[in-house]
Amino acid sequence: MRTVRRSALMDRPIPEPAALPRRAPLPAHHPDPVLDVVVPVYNEENDLEPCVRRLHAHLGETFPYAFRITIADNASTDATPRIAARLAAELPGTDWIRLAEKGRGRALHTAWSRSRAPVLAYLDVDLSTDLAALLPLVAPLISGHSDIAIGTRLARGSRVVRGPKREVISRCYNGLLRSTLAVGFSDAQCGFKAVRRDVAERLLPLVEDREWFFDTELLVIAERAGLRIHEVPVDWVDDPDSRVHILSTALADLRGMARLGRALAGGRLPLTALHRSDGLDGELPAGLARQAVRFAAVGAASTLCYLLLYTLLRPATGAQAANALALLASAVANTAANRRLTFGVRGRDGALRHQLKGLAAFVVGLTLTSGSLAVLHHTAPGAGHRVELAALIAANLAATLLRFLLFRAWVFPARRTTGPTAP
């Protein structure tokens, strides 16, 4: 299997994928496997058979739908392929694939891409995570509540047995993610995750890493796109025979974080196109809270600039002219800042159209502020400069709310796909 490296592709924008459909619960009677659990392995001839047999028995006893177990062999050189083939022949609903190259991310990307099950999951072959958490992990995806579910060893309800070295490394890594990429999920590295297939189909083409950083990259992109990530506290016991090379993995993770940070800062990932196509879907529109905070910050800065310009221009031009000129200048700057910072639009494409629409929104602000000055001067002809500023601030607050609604719905609307998705 040939692997195409996409590092060069991250230097230019990635084409927009189709918008995600509305989340909905799976039907109660589903004829095909609902869950596909992938077990990525490399030279695991000792652990593979007990893991798969235990997992198969657990799913058979507790999972109310049809399921599949997929063993993803990463170019093993021991007896792992023979054991995988035998298990696939003996256990109903068990399959195996063999990859020519190593890499956990590569195994998951390949297995998830070929699966038709509506819910995709994976777990580590050492079964460090208690299987009792598997049904709580996938239930929010089956019910339509969430897009991705992850096990977390760092939540209050988790019970973890591991050495201090791994504990410190895990907490430092997740703390670094929070401080650099501003993530909200608590545990990026736990080998116990699930995703809805419709979400995976959109996310997998955007994930470049094929090794250990694969999980983190997928989660960061999903969270930035406004997808819902559900966390499940797990009971977890460290595997003393772990073969992860900590130093090389840590360096690769740091490089992955730097690459992903550049892609996000440069607007090269089509995050807005990963929003749900139905808008609300029983919750706030995707990104609304984050957009509102950034819009408010940009609005506060542009309001200060507006008031400063108004104060400087008023003695020479009069109140109405100073208001119009100051509002025009701050509106152009406000549109440019919101275009990049609030709505994540980069590049020159559509910049002029956005500014023209922004000026239309500016007319709303001009009408409100000019009208407030006219009413003030009519009702209180002797009002001083401080009263004028107070009236303008109040009018600007109302204009800001209207501009935000116009910007979100008209100037920078989330791109949506209404037609059928191409295969």
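Small disclaimer: the values here were computed from a predicted structure and weren't measured.

1. Points about the overall build of the chain
Within the chain one finds 12 helices and 9 strands. Counting all 423 residues of the chain, 47% fall into the buried class. Considering only intrachain contacts with a sequence separation of at least 6, the fraction spanning at least 24 residues in the chain is 80%.

2. Things to note about the sheet that holds strand E5 (residues 148–152)
Spatially, E3-E2-E1-E4-E7-E5-E8 is the arrangement adopted by the 7 strands of the open sheet, whose pairing is mixed. For this open sheet the edge positions go to strand E3 (94–99) and strand E8 (229–233), each flanked by a neighbour on one side alone. Put simply, the sheet's adjacent strands are angled 20° from each other on average, direction ignored. For E5 and strand E7 (residues 192–196), the ladder comprises 3 bridges, and the chain directions are antiparallel. Within E7, the residue paired with Ile-148 across the bridge is Val-195. Helix-sheet contacts for helix H2 (residues 80–90) involve strand E1 (35–41), strand E2 (67–74) and E3, and the interaxial angle to E3 is about 155°. Docked against the sheet, helix H4 (residues 134–142) engages E1, strand E4 (119–123), E5, E7 and E8, running at close to 15° with respect to E7.

3. Focus on the pattern of salt bridges
For side chains bearing opposite charge, pairing can occur when the charged atoms are close. Overall, the coordinates contain 21 salt bridges when judged by the stated rule. Residue Arg-53 is joined to Glu-49 by a salt bridge in which the shortest nitrogen-to-oxygen separation is 2.9 Å. Of this pair, Arg-53 and Glu-49 are both found in helix H1 (residues 48–62), 4 residues apart, which corresponds to roughly one turn of the helix. The shortest N-O distance in the salt bridge between Arg-86 and Glu-90 comes to 3.9 Å.

4. A look at helix H5 (residues 164–181)
Between its terminal C-alpha atoms H5 stretches 25 Å, which fits the 26 Å expected from 18 residues at 1.5 Å a residue. Looking only at H5, the buried set comprises Ser-170, Tyr-173, Asn-174, Leu-177 and Leu-181. Relative to the axis of H5, the buried residues are bounded by an arc of 85° and lie together on one face. Facing away from the buried surface of H5 by more than 90 degrees, the exposed residues are Pro-164, Lys-165 and Ser-179. Against the buried residues of H5 lie helix H7 (214–224) and helix H8 (246–265). Following H5 by one or two positions, Ala-182 has its phi on the positive side, about 55°.

5. Re the confidence of the model for the chain
Of all residues in the chain, 87% have pLDDT values of 70 or greater, and the mean over the chain is 84. Below pLDDT 50 for its whole length, residues 1–12 participates in 19 contacts with residues either more than four positions away or in separate chains. Low pLDDT, under 50, characterises residues 279–286; the predicted model gives this stretch 13 contacts beyond four residues in sequence or across chains.

6. Describing the packing of helix H10 (residues 319–342) against helix H11 (residues 351–379)
For the pair H10 and H11, the least separation of the axes is 8 Å and the interaxial angle reads 145°. Taken as a pair, H10 and H11 cross one another with a handedness that is right-handed. Taken together, the residues of the contact of H10 with H11 sort by class into 13 nonpolar, 10 polar and 1 charged.

7. Things to note about the packing of aromatic side chains
Within the structure shown, the criterion is met by 6 aromatic pairs. Ring geometry for Phe-295 against Phe-407: centres 5.8 Å apart, planes inclined by 85°, an arrangement best described as edge-to-face. Of this pair, Phe-295 sits in helix H9 (residues 288–317) while Phe-407 sits in helix H12 (residues 385–411), and the two are 112 residues apart along the sequence. Each of the two residues, Phe-295 as well as Phe-407, counts as buried. Clustering of aromatic rings is evident, with ring pairs tying together Trp-112, Tyr-122 and Phe-214. Sitting above the plane of the Tyr-42 ring, Lys-102 keeps its charged end 4.2 Å from the centroid. For the cation-ring pair, Arg-153 lies above Trp-236, with the distance from its terminal atom to the ring centre recorded as 4.7 Å.

8. Brief notes about unusual backbone geometry
One non-glycine residue, Leu-127, lies in positive phi territory at about 55°. With respect to the helices and strands, Leu-127 occurs in the loop between E4 and H4. At Ala-182, a residue that is not glycine, the phi angle is positive and equals roughly 55°. As for its position among the elements, Ala-182 is in the loop between H5 and E7.

9. Let's talk about H7
With 10 of 11 residues buried, H7 lies mostly within the body of the structure. Those residues of H7 lying buried are Phe-214, Asp-215, Thr-216, Glu-217, Leu-218, Leu-219, Val-220, Ile-221, Ala-222 and Glu-223. At the exit of H7 stands Gly-226, carrying a positive phi of roughly 85°.

10. Notes on the packing of helix H3 (residues 104–114) against H7
Following both chains from N to C, one finds H3 and H7 inclined at 60°, their axes separated by 8 Å at the closest point. Viewed along their axes, H3 and H7 adopt a mutual orientation that is oblique. On the side of H3, the interface is formed by Arg-104, Gly-105, Leu-108, His-109 and Trp-112, while H7 contributes Phe-214, Asp-215 and Leu-218. Tallied by class, residues from the contact of H3 with H7 come to 4 nonpolar, 2 polar and 2 charged.

11. With respect to the nonpolar core
Among the nonpolar cores identified, the biggest contains 43 residues, and Trp-112, Ile-148, Leu-203 and Ile-221 are the most heavily contacted of them. Only E3, H3, E4, E5, H5, helix H6 (197–203), H7 and H8 provide two or more residues apiece to this core. Counting residues per element, this core draws most heavily on H7, at 6 residues. Once you skip the residues sitting within four places of it in the chain, Ile-148 turns out to touch Leu-141, Ala-194, Val-195, Val-199, Leu-203, Leu-218, Leu-219, Ala-222, Arg-228, Ile-229 and His-230. Among the nonpolar cores identified, the runner-up in size contains 40 residues, and Leu-123, Leu-127, Ala-133 and Val-234 belong to it.

Parameters and conventions
- Residues numbered from 1 in each chain as written.
- Predicted model: local features only at pLDDT ≥ 70, side-chain atom pairs only at ≥ 80, totals over all residues.
- Heavy atoms only, no water.
- Helix = DSSP H or I, 4+ residues; strand = E, 2+ residues; numbered from the N terminus.
- Buried < 20%, exposed > 50% of the residue type's maximum accessible area, 1.4 Å probe, protein only.
- Contact = heavy atoms within 4.5 Å.
- Pairing = 2+ DSSP bridges.
- Axes fitted to C-alpha atoms, helices over the stretch in contact; angles between N-to-C directions.
- Salt bridge = Lys/Arg side-chain N within 4 Å of Asp/Glu carboxyl O.
- Expected span 1.5 Å × (residues − 1).
- Arc of directions from axis to C-beta.
- pLDDT = per-residue confidence, 0-100.
- Left-handed = near helix turned anticlockwise from the far one by under 90°.
- Nonpolar A, V, L, I, M, F, W, Y, C, P; charged D, E, K, R; others polar.
- Phe/Tyr/Trp six-rings, centres within 6.5 Å; stacked < 30°, edge-to-face > 60°.
- Lys NZ or Arg CZ within 6 Å of the ring centre and 35° of its normal.
- Parallel < 35°, antiparallel > 145°, perpendicular 65-115°, else oblique.
- Core = buried A, V, L, I, M, F, W, Y, C linked by side-chain atoms within 4.5 Å.

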